[in-house]
Amino acid sequence: MVELDFELPLKELNGVMERFMSAELFTKWVLYNEDRGTVALRVVVPDFEMEQVILDIAEVVRGPLEISIVKDGLAEIKVDQAFINVINVDGVVYPLALIMEFDFNAHVPSRIELITEKDCPEEVISAILHTKLGPFDFRDPMKTKILQSNKMTKIMLTTAV
């Protein structure tokens, strides 16, 4: 199990909670910040559903959001990061989730995933593949894999360690 920890505008809470309830996820805590008009949540998610839950959040929020992914292992607590936003291609907006896993170095991700809807057009995948994140380039076919499942399209980049 992993825990997703994030803060979102109060107006987005109902849409996100509807997704969590339909997926039967456990909300560990919810904190309301009246001054900022935001809600901080920590949600417990099975490992195998994490990517789908993050994409579900991206589909509801449709804007920039940072998510901490907390994995409590036997020897240590590991924190990975996810960022959600949208990608605009030909005037159509698609949700986009970026997940970074840190295995060997706390500052350099060992794996990066970009996830979007399963039925996105080829132009969206092409736009994602032309993305460059710092020193990481998704156009390198030796390090990049594209997987399409029945629920999402994943573009994975393994970084050099």
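This write-up is about the structure you can find in this document.

Parameters at a glance
Residues numbered from 1 in each chain as written. Predicted model: local features only at pLDDT ≥ 70, side-chain atom pairs only at ≥ 80, totals over all residues. Heavy atoms only, no water. Salt bridge = Lys/Arg side-chain N within 4 Å of Asp/Glu carboxyl O. Helix = DSSP H or I, 4+ residues; strand = E, 2+ residues; numbered from the N terminus. Buried < 20%, exposed > 50% of the residue type's maximum accessible area, 1.4 Å probe, protein only. Pairing = 2+ DSSP bridges. Axes fitted to C-alpha atoms, helices over the stretch in contact; angles between N-to-C directions. Parallel < 35°, antiparallel > 145°, perpendicular 65-115°, else oblique. Left-handed = near helix turned anticlockwise from the far one by under 90°. Contact = heavy atoms within 4.5 Å. Nonpolar A, V, L, I, M, F, W, Y, C, P; charged D, E, K, R; others polar.

## Here's the deal with the pattern of salt bridges
And then number 1: Under the defined criterion, the tally for this structure stands at 13 salt bridges.
And then number 2: Arg-36 is the partner of Glu-7 in a salt bridge, and the nearest nitrogen-oxygen pair spans 2.3 Å. With Glu-7 in strand β1 (residues 2-9) and Arg-36 in the loop between β2 (26-33) and β3 (38-45), this residue pair connects regions lying 29 residues apart in the sequence.
And then number 3: Residue classification places Glu-7 among the partly exposed residues on the basis of a relative accessible area of 30%.
And then number 4: Judged by its relative accessible area of 54%, Arg-36 is exposed.

## Considering the pairing of strand β10 (residues 144-148)
And then number 1: For β10 and strand β11 (residues 152-158), the ladder comprises five bridges, and the chain directions are antiparallel. Directly across from Thr-144, in β11, lies its bridge partner Leu-157.
And then number 2: Joining the antiparallel neighbours β10 and β11 is a turn of three residues.

## Quick word on the packing of helix α1 (residues 13-22) against helix α2 (residues 50-61)
And then number 1: Running from N to C, α1 and α2 cross one another at 150°; their axes reach a closest spacing of 9 Å. With respect to their mutual orientation, α1 and α2 come out roughly antiparallel. Relative to α2, the crossing made by α1 is right-handed. Contact with α1, carried on its side by Gly-15, Val-16, Arg-19 and Phe-20, involves Val-53, Asp-56, Ile-57, Glu-59, Val-60 and Val-61 of α2 and no other residues of that element.
And then number 2: Tallied by class, the residues present in the contact of α1 with α2 amount to six nonpolar, one polar and three charged.

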